[in-house]
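Overview (structure and organization)
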Amino acid sequence: MKIRVDEIPESGRILHVHWTQERLESMLPPNDPKGFSLARPLNVDLEIHKKPDHLEVTGTITGKLTLTCDRCLDEYPSEMVRTVRVLLFRESLGPSEEEVELEPDELEYEFFDGEILEVDRMIAEEVFLELPLRCLCSEDCRGLCPGCGANLNREPCLCRNRKVSSAFEALRNLKLGNP
């Protein structure tokens with residue numbers, strides 16, 4: 001969804017959008033191992049206000065995601081409630097190429113062409129920022145057995161009675177002088 005800045009009234013514009021899985025997938029690069037999906041469409045409620053030198057976008061994004069646990073690879077539900085506050089400035093007001101360090105108050109700033117606001121891109125960024133760095137179905141998730149691949153949350157390890165050879169076994173033999 002794209003909104004022309006000159007079509008935003010002085011009183012502002014209110015958006016109520018149900019953001020679907022298809023919209024999410026259109027924002028991801030091809031073959032992206034995302035590890036998450038929308039359990040139901042996201043509810044996006046945004047207010048867009050024109051200021052003299054920028055746009056201010058505020059609101060909330062709520063919904064339910066389905067994430068994949070990094071330890072056991074099981075899917076699990078996760079509620080999402082994200083408060084949005086973005087200040088959009090024209091690219092011409094942005095930092096020059098030489099400037100690289102951002103000040104803390106500049107982290108809410110974004111830059112755009114000044115004519116078209118790409119709402120879907122902004123929503124996608126907010127969703128991606130809300131994702132945890134490490135997805136865990138629970139803090140005490142035991143993960144998968146590296147030997148037999150059993151999900152240790154649901155079943156016992158099948159390789160406990162077998163001697164698992166280590167990749168370092170050959171080094172131990174060298175240190176002990178065994179061929």
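Given the structure is predicted, the values throughout are model-derived calculations rather than measurements. (Residues numbered from 1 in each chain as written. Predicted model: local features only at pLDDT ≥ 70, side-chain atom pairs only at ≥ 80, totals over all residues. Heavy atoms only, no water.)

1. Thoughts on the overall build of the chain
Along its length, the chain carries three helices and eight strands. Evaluated residue by residue, the chain yields a buried proportion of 32% over its 179 residues. Total accessible area computed for the chain in this model is approximately 12200 Å², and 51% of it derives from carbon and sulfur atoms. (Helix = DSSP H or I, 4+ residues; strand = E, 2+ residues; numbered from the N terminus. Buried < 20%, exposed > 50% of the residue type's maximum accessible area, 1.4 Å probe, protein only. Areas by Shrake-Rupley, 256 points an atom, 1.4 Å probe, with all protein chains shown as cover.)

2. Overview of the packing of aromatic side chains
Overall, the coordinates contain one aromatic pair when judged by the stated rule. Between the aromatic rings of Phe 36 and Phe 128, the centroid separation amounts to 6.3 Å while the plane-to-plane angle is 80°, which identifies the pairing as edge-to-face. Of the two residues, Phe 36 sits in strand E3 (residues 36-38) while Phe 128 sits in helix H2 (residues 119-130), which places them 92 residues apart along the sequence. Under the relative-accessibility criterion, Phe 128 is labelled partly exposed at 29%. (Phe/Tyr/Trp six-rings, centres within 6.5 Å; stacked < 30°, edge-to-face > 60°.)

3. Let's talk about the pattern of salt bridges
On inspection of all chains with the given rule, the structure shows nine salt bridges. Here Asp 74 and Arg 154 are joined by a salt bridge, their closest N and O atoms 2.6 Å apart. Here Asp 74 is found in the loop between strand E5 (54-68) and strand E6 (75-90), whereas its partner Arg 154 is found in the loop between H2 and helix H3 (169-176), with 80 residues between them in sequence. With a relative accessible area of 25%, Asp 74 lands in the partly exposed category. The class of Arg 154 is exposed, set by a relative accessible area of 59%. The residue Glu 130 makes a salt bridge to Arg 82 at a minimum N-O spacing of 3.1 Å. (Salt bridge = Lys/Arg side-chain N within 4 Å of Asp/Glu carboxyl O.)

4. Points about the pairing of strand E4 (residues 42-50)
Two elements, strand E2 (residues 13-19) and E4, share seven bridges in a ladder whose sense is antiparallel. When the bridges of E4 are listed, His 16 appears paired with Asp 45. Sheet topology places E4 next to E5; eight bridges connect them, and they run antiparallel. Looking at the pairing, Asp 45 lines up with Thr 60 of E5. Once E4 ends, the chain turns through three residues before running back antiparallel as E5. (Pairing = 2+ DSSP bridges.)

5. What about the confidence of the model for the chain?
Chain-level pLDDT for the chain is 78 on average; 73% of the residues reach the 70-or-more range. Summarising per-element confidence for the chain, the mean pLDDT is lowest in strand E7 (residues 109-112) (60) and highest in E4 (90). (pLDDT = per-residue confidence, 0-100.)

6. A few points about unusual backbone geometry
Phi angles above zero are rare outside glycine, and Leu 73 is one such case at about 65°. Overall, the relative accessible area of 55% leaves Leu 73 in the exposed class.

7. Details of the state of the cysteines
Enumeration according to the criterion identifies zero disulfides in this entry. Counting only cysteine sulfurs, Cys 137 is the nearest neighbor of Cys 141, a cysteine outside any disulfide, at a range of 3.7 Å. (Disulfide = S-S within 2.5 Å.)

8. Describing the side chain of His 54
The residue His 54 is located in strand E5 in this model. Relative accessible area serves as the criterion here: at 18%, His 54 is assigned to the buried category. When near neighbours in sequence (up to four residues on either side) are disregarded, His 54 contacts His 49, Leu 87, Leu 88 and Phe 89. (Contact = heavy atoms within 4.5 Å.)

9. Brief notes about the nonpolar core
Core analysis: the biggest nonpolar cluster contains 35 residues, and Trp 19, Leu 42, Val 44, Leu 46, Val 57, Leu 117 and Ile 123 have the highest contact counts within it. Those elements giving two or more residues to this core turn out to be E2, E3, E4, E5, E6 and H2. Discounting chain neighbours no more than four positions away, the residues touching Ile 123 are Trp 19, Val 44, Leu 46 and Ile 61. (Core = buried A, V, L, I, M, F, W, Y, C linked by side-chain atoms within 4.5 Å.)

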